[in-house]
Amino acid sequence: MSDNHSIKLTINGEEYTSSVEARMLLSDFIRHELGLTGTHVGCEHGVCGACTVILNGRSVRSCLMFAVQAHGQQITTVEGMAAEATDLHPLQEAFREAHGLQCGFCTPGILMSLIPFLDDNPCPSEEEIRAAISGNLCRCTGYQNIVTAVKLYVERES
Amino acid sequence: MKPASFKYYAPESLEEALVLKAQYGDEARILAGGQSLIPAMNFRIMQPTILLDLNLLAELSYISSRDSAVLHIGAMTRLSEVEDDPLIADRVALLHEALPYIAHPQIRNRGTVGGNIAHADPAAELPVVALAMDSRFRVQSTNGTRWINSIDFFRGYFETAIGPSEILVEIEVPFHAANTGWAFLEVSRRSGDYAMAGIAALITLDNKHICRKARLVYLNLSDAPLEAKQSADMLVGETLSDELIKQVANKASEEEIMPMESLHATVNYQRHLACILTKRALELAYGRAMET
Ligand SMILES: Cc1cc2nc3c(=O)[nH]c(=O)nc-3n(C[C@H](O)[C@H](O)[C@H](O)COP(=O)(O)OP(=O)(O)OC[C@H]3O[C@@H](n4cnc5c(N)ncnc54)[C@H](O)[C@@H]3O)c2cc1C
Ligand code: FES
Ligand code: FES
């Protein structure tokens, strides 16, 4: 029993059309159909945050949405952060400088959580930064340098 | 794992959704925020054959104060919208205080008020808060609309009074009465996790600071939100003292709650948590009631 739907959506400013089975997760659509493998998949039950993308300006778990639900929506993935594929966004630059990542598995999800947060709250306190990334697990950094990276970015932007 | 196959409908009006629900009944599962349903489908704990996605129904997403005593929240309103609403922060402070305890920001961006209530997890925050406030729920089917009081709504683990052809469409939330103090507290292993124990408390005082009304409702200490009625009634007609708070906390935690042993907390530990949380919540709520 397969139930196919045609969808049209905008990812990183580019329009895509496709036919998807209803049960296809948005995370799998982004990775396997579009080849945008910057969006990572860790747990598929909403806990780890690695799959976080920006849907109409808000951070959401792409493993907890079906691709068919993204029909007509605007999505940003980590590939869409910087102006050019070879550039780094200033937030990515700050992560690099402050050692905000080690293996990098969690990083795309953390960046996708931080971008809308920093748009709403450009001068956050440390406590607010920690709350914003509380839904993202990192097994490497101990979070300290992630917070330092965000602070570095905030300082430079203000 | 990946979800099993299903037939997907995305109705464009509530009317259309109700017709489909009438046609398919229990076979058709409502997809709201998907933040509980999709994890269960990913693990194949649930394999619904038909999904009715309500995400296109803008008509079910609102926070409206058309009445001076109560607020109405549409079932598809996202949890983050409730969290950011200034009127709720001001007039329904208990709800505002409980919201950040629900999961993580990214999940609140997608999860809905109706989904959190309809899912009826005994460890979820909104059912507990709703019962403490005497909220009512409006459910609809092609046969019409009915209101269900929160006391009749939650029936046990993941079970509610919503019928097979009905959809939860609206939650009614009364504004806090004058001189009312509130407190929502819980203990969980990590921030954003489901709590091991929690409490919602509301206390209304008269102008002599005598307690006229008290509600104590517990999270994850039974198979549904649990109200400790007898313990709360001990407060009514009294001025709060440390001794009285201690007696109430002991009674609620020893006699009224019905905790179930879990991987993370023994029954004794849950009783201990309930006792401490009751004391803290009563002190906080009482202090706030004196200030308002
Ligand atoms: C990692 C993680 C942590 C979480 N932590 C918490 C937590 O600490 N506390 C907490 O309360 N929740 C927690 N949640 C659950 C989250 O709050 C869910 O959003 C919520 O419980 C369900 O809302 P939803 O809109 O996503 O519903 P869905 O997942 O779409 O639906 C849940 C159930 O309710 C039914 N349903 C939904 N809407 C309606 C309706 N209008 N009428 C009839 N039936 C309906 C569905 O058919 C389904 O059975 C967590 C989730 C995750 C992934
Ligand atoms: S893969 Fe989506 S939250 Fe872990
Ligand atoms: S850098 Fe390895 S998980 Fe975060």
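The structure this text deals with has already been given above.
Values in this document were obtained by computation on a predicted structure and should not be read as measured data.

Engineer: Please clarify how empty space enclosed by the protein should be interpreted in this entry.
Structural biologist: The method is simple in principle: a probe with the dimensions of a water molecule rolls over the atoms, and the space it marks as empty is what remains. Residue and element names in this part refer to chain B. Following the criterion strictly, the structure yields one cavity of 30 Å³ or more and no others. Approximately 80 Å³ is the volume attributed to the largest cavity. What lines the largest cavity is simply Ile73, Val82, Leu95, Val113, Ile117, Leu126, Val129, Ala130, Met133, Ser135, Ile171 and Val173. If you tally residues by element for the lining of the largest cavity, the top one is helix H8 (residues 125-132), at three residues. Classifying every residue of the lining of the largest cavity by side-chain character gives 11 nonpolar, one polar and no charged.

Engineer: How should I be thinking about the packing of aromatic side chains in this particular structure?
Structural biologist: When we look at a pair of aromatic rings, we describe it by the centre distance and by the angle of the planes. All names here are of chain B. By the definition in use, this model includes seven aromatic pairs over all chains. Three or more aromatic residues joined by ring pairs make a cluster, and in this case those are Phe137, Phe153 and Phe154. Over the ring of Tyr9 we find Lys7, and its NZ or CZ is 5.2 Å from the ring centre. The residue whose ring lies beneath Arg136 is Trp147, and the NZ or CZ to ring-centre distance is 4.4 Å.

Engineer: Quick question: what am I supposed to make of the pattern of salt bridges here?
Structural biologist: Once the charged atoms of two side chains with opposite charge are near each other, the side chains can pair. By the definition in use, this model includes 21 salt bridges over all chains. A salt bridge links Asp3 of chain A to Lys7 of chain B, with the shortest nitrogen-to-oxygen separation between them at 3.3 Å. Linking Asp3 of chain A in the segment before strand E1 (4-11) with Lys7 of chain B in strand E1 (residues 7-9), this pair reaches from one chain into another. The class of Lys7 of chain B is partly exposed, set by a relative accessible area of 33%. Measuring nitrogen to oxygen at the nearest pair gives 3.0 Å for the salt bridge that ties Arg136 of chain B to Glu172 of chain B. Taken together, the residues span a long stretch of sequence, with Arg136 of chain B in strand E6 (residues 136-141) and Glu172 of chain B in strand E10 (residues 167-174) at a distance of 36 residues. By relative accessible area, Glu172 of chain B is classed as buried at 11%. Members of the salt-bridge network, linked through shared partners, are Asp134, Arg215, Glu227 and Lys229 of chain B.

Conventions and cut-offs
- Residues numbered from 1 in each chain as written.
- Chains lettered and ligands numbered in written order.
- Predicted model: local features only at pLDDT ≥ 70, side-chain atom pairs only at ≥ 80, totals over all residues.
- Heavy atoms only, no water.
- 1 Å grid on protein atoms, 1.4 Å probe; cavity = no way out; pocket = protein on both sides within 12 Å on 5 of 7 lines; lining within 4 Å.
- Points joined across faces, edges and corners; volume = space filled by probe spheres on them.
- Helix = DSSP H or I, 4+ residues; strand = E, 2+ residues; numbered from the N terminus.
- Nonpolar A, V, L, I, M, F, W, Y, C, P; charged D, E, K, R; others polar.
- Phe/Tyr/Trp six-rings, centres within 6.5 Å; stacked < 30°, edge-to-face > 60°.
- Lys NZ or Arg CZ within 6 Å of the ring centre and 35° of its normal.
- Salt bridge = Lys/Arg side-chain N within 4 Å of Asp/Glu carboxyl O.
- Buried < 20%, exposed > 50% of the residue type's maximum accessible area, 1.4 Å probe, protein only.

This is a description of form; function is not addressed.
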